[in-house]
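Fold and contact review
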Amino acid sequence: TMVQLDVCRDGLAQQKIDEAYRDVWASLEQVSWRMNVFDDRSDAAKINNSNLQPVFVGADTYHVIKKAIQFSQATGGAFDVTVWPLIEFWRQNEARNIFPSPEVVHAALAGIGSQNIRMLDDGRIQLLRNDTKIDLGGIAAGYAADEAARIFRGHGILNFFIDAGGDIYAGGLNCSGQPWRVGIRDPRDASKLIDVVALTDFAVTTSGDYEKYYTIRGQTWSHIINPVTGYPQRGVVSATVIAPTTMEADVLATALCVMGERAGTAHIDRLDGRYASIIFSAGKRQTITKLESQEYKNFRYKK
């Protein structure tokens, strides 16, 4: 994931800004290796290779997995960090150019579900099945962006912009004293913007099937796997979520792709007015906003 950080000087000494950047980059590096399933040193790999034994993990990893379980429960399993075996399963089928039978897909679902993760009070995590494995790719970048925002504020920097591979957090105002403006791309034409949102102390993230996908027998399939059915999600081209934190936006954007247009927008509709979504489905667009909230001053949606 490529990360871009921008801050407004606002009269701050260069040394103060340099110190903030140093601490933010150090934090991002920690999250990068600690939560990366592909890094054998990581907490994620340690959990996956634990053979059902409880393992100690860093406090940040413990926090992220605990939150992930809560998100899984809140979304009816549409977001689930135990999806890793399904990701591997579809990669293998892509490599062999084989579309699996329903029976094989059903068998691959056996270890999926956050109920197969046990959080122990002493900072340890235990998997309850050998076929359960985790992947924090759908939540770690959002968490990292939130940590960067926390560190900037701790250094007295209030106006900043964080882009962690498309997981965006806009802190305060831009250097012209206006809300940060974030363009939302047309998922079928990267050269076009279909909307611009103006954000102050809010996050925005987009997930979809248009940049990463599997190709099997000449057909493309979304890289986002439905943890409930075992199949790549279908129907939603992209889902954009505005939320108070980048971790929430990151998770919900993925979950809405899995839920589909109706269930996804209904889920956002049940949340308070600090959340909004833009979902593209089969060429159609549905926008949910809740501007009646007192928080409207902190996030502005512009058509």
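We now turn to the structure provided with this report. Sequence order as written defines the numbering, with residues in each chain counted from 1. Since the coordinates come from a predicted model, pLDDT governs what is reported: local features require at least 70, and pairs of side-chain atoms require 80 or more to be given and counted, while whole-chain, interface and lining totals use all residues. Heavy atoms from the whole structure form the basis of all side-chain values; hydrogens and water molecules are not counted.

Okay, helix α7 (residues 246–259) next. Helix and strand assignments follow DSSP, with helices taken as H or I runs no shorter than four residues and strands as E runs no shorter than two, numbered in order from the N terminus. Given the number of residues in a helix, its expected span is that number minus one, multiplied by 1.5 Å. A rise of 1.5 Å per residue sets the reference length of α7, with its 14 residues, at 20 Å; its end C-alpha atoms lie 20 Å apart and thus fit the reference within 8%. The buried count for α7 comes to 13 of 14 residues, which makes it a mostly enclosed element. Backbone geometry just after α7 places G260 at a positive phi near 95 degrees. Residue exposure (1.4 Å probe, protein chains only): buried if accessible area is under 20% of the type maximum, exposed if over 50%, otherwise partly exposed.

On to the state of the cysteines, then. For the purposes of this analysis, a disulfide is any pair of cysteine sulfur atoms at a distance within 2.5 Å. Taken as a whole and assessed by the stated rule, the structure comprises one disulfide. Two residues, C8 and C175, share a disulfide whose sulfurs are 2.2 Å apart. Torsion about the S-S bond of the C8 and C175 cystine: about -100 degrees, corresponding to left-handed handedness. Pair noted here: C8 is in the loop between β1 (3–7) and α1 (14–34) and C175 is in the loop between β6 (167–171) and β7 (180–186), with a separation of 167 residues, a long-range link. Classification of C8 as buried rests on a relative accessible area of 2%.

Next up on the list: the sheet that holds strand β2 (residues 55–56). Here, a strand pair is defined by DSSP locating no fewer than two bridges between the strands. Read across the open sheet, the three strands follow the order β2-β4-β3; overall the sheet is antiparallel. Unpaired on one side and paired on the other, β2 and β3 (117–119) mark the two borders of the sheet. Here β3 runs beside strand β4 (residues 124–127); their pairing, made up of three bridges, is antiparallel. Of the residues in β4, the one forming a bridge with R118 is Q126.

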